[in-house]
Every structure is written in C-alpha cells, then in structure tokens.
Amino acid sequence: MKTSLDKMQAMEACLLGQASSEQRLLFEANMLLDPMLREDVHWQRQTYRIIREYGRERLRSELEQVHQTLFTASQHRKFRNKILAFFRT
C-alpha cells in the first residue's frame, strides 16, 4: 500500500510540474522499467485532459449565461449600448 501511494504521489508531482528535476528523472526511469506505471501515467493524463475540458465547457456555459443576461435583460440596456458602441465604426 505504501509503495502504491508513493508511486501515485510521485506521478502527481511529475504530471503537475511540482517534482524536482531529480525526482522527475527518477520517475521517468521508473516508467521505462515498469509498463504498468506507463499505463497509469497515460490514464492519469487522460483524466486530467477530461477534467480540463469539463472545466472549460462549464466556464463557457457560465459566460454564455452572463452574456445572455447582460445583452437581453431590459435593465441592462444602457450597459449593452455602451459595449456595442465600442464596436461601431
């Protein structure tokens, strides 16, 4: 269990850019020697990618909601007109 936890912490540190150059080098050497570790790293990277994409989609959705509120609600008409004036030629 301890070894598994140590590997997970080393992997996290390397993937998140928190490991020292010596730790990163040792981890990369371990990946060369351990195919299961390489697979774990692959899936952890995939997990990070999916989480980032989900976060971006949520942010886009929130920004779209703000945009809709500011540009369609009548109480924000003055603000909308000021913003649109910036883009008029």
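Provided above is the structure to which this section pertains.
Residues numbered from 1 in each chain as written. Predicted model: local features only at pLDDT ≥ 70, side-chain atom pairs only at ≥ 80, totals over all residues. Heavy atoms only, no water.

Participant: Looking at this structure, I do not really get the overall build of the chain. What am I missing?
Facilitator: A count of helices and strands for the chain gives 4 helices and 0 strands. Ordered by position from N to C terminus, the α and β elements of the chain give α-α-α-α. Relative to its length of 89 residues, the chain is extended, with a C-alpha radius of gyration of 23 Å against a globular reference of 12 Å. When its C-alpha atoms are laid out on the principal axes, the chain stretches across 65 × 25 × 20 Å. (Helix = DSSP H or I, 4+ residues; strand = E, 2+ residues; numbered from the N terminus. Rg over C-alpha atoms; globule rule 2.2 N^0.38 Å.)

Participant: Just checking my understanding: could you explain the environment of M8 for this structure?
Facilitator: With respect to the helices and strands, the residue M8 is situated in helix α1 (residues 2-15). According to the relative accessible area criterion, M8 is partly exposed, its value standing at 38%. Sequence separation between M8 and D40 is 32 residues; the distance between their C-alpha atoms is 9.0 Å. (Buried < 20%, exposed > 50% of the residue type's maximum accessible area, 1.4 Å probe, protein only.)

Participant: Would you mind showing me how to read the side chain of Q44 here?
Facilitator: Of note, Q44 is situated in helix α3 (residues 35-72). A relative accessible area of 16% means that Q44 is categorised as buried. In this structure Q44 touches M11, E12 and L15, once residues within four positions along its chain are discounted. (Contact = heavy atoms within 4.5 Å.)

Participant: Even after reading the chapter, I still don't get the pattern of salt bridges, so can you show me in this structure?
Facilitator: Pairing between side chains becomes possible if they bear opposite charge and their charged atoms approach one another. Tallied over the entire structure, the rule returns 4 salt bridges. The partner of D34 in a salt bridge is K7, with the nearest N and O atoms 3.3 Å apart. Pair noted here: D34 is in the loop between α2 (21-33) and α3 and K7 is in helix α1, with a separation of 27 residues, a long-range link. Note that E62 and R58 form a salt bridge whose closest N and O atoms lie 3.8 Å from each other. (Salt bridge = Lys/Arg side-chain N within 4 Å of Asp/Glu carboxyl O.)

Participant: Sorry if this is basic, but what is going on with the packing of α2 against α3 here?
Facilitator: Two packed helices can be described by the angle between their axes and the distance between those axes. Following both chains from N to C, one finds α2 and α3 inclined at 115°, their axes separated by 5 Å at the closest point. Within the contact between the two elements, α2 uses F27, N30, M31, L32 and L33 and α3 uses P35, L37, R38 and V41. The residue inventory of the contact of α2 with α3, partitioned by class, reads 7 nonpolar, 1 polar and 1 charged. (Axes fitted to C-alpha atoms, helices over the stretch in contact; angles between N-to-C directions. Nonpolar A, V, L, I, M, F, W, Y, C, P; charged D, E, K, R; others polar.)

Participant: Would you mind going over α3 with me for this structure?
Facilitator: Residues spaced three or four apart along an α-helix face the same direction, because each turn holds 3.6 residues. In a regular helix each residue adds 1.5 Å, so 38 residues correspond to 56 Å; α3 covers 55 Å between its end C-alpha atoms and thus fits that length. Taken as a whole, α3 has its buried residues at L37, V41, Q44 and Y48. Between a side-chain oxygen at the N-terminus of α3 and the backbone nitrogen of M36 the separation is 3.0 Å; the capping residue is D34. (Expected span 1.5 Å × (residues − 1). Polar contact = N/O pair within 3.5 Å; in protein donor to acceptor, adjacent residues only side chain to side chain.)

Participant: Help me out: how do you make sense of the nonpolar core in this one?
Facilitator: The nonpolar side chains of a soluble globular protein tend to be buried, and buried together. In this structure, M11, A13, C14, A19, F27, M31, L37 and V41 together form the largest nonpolar core, which totals 8 residues. Taken together, the elements giving at least two residues each to this core come down to α1, α2 and α3. If you tally residues by element for this core, the top one is α1, at 3 residues. For L37, the contacting residues outside a window of four places in its chain are F27, N30 and M31. (Core = buried A, V, L, I, M, F, W, Y, C linked by side-chain atoms within 4.5 Å.)

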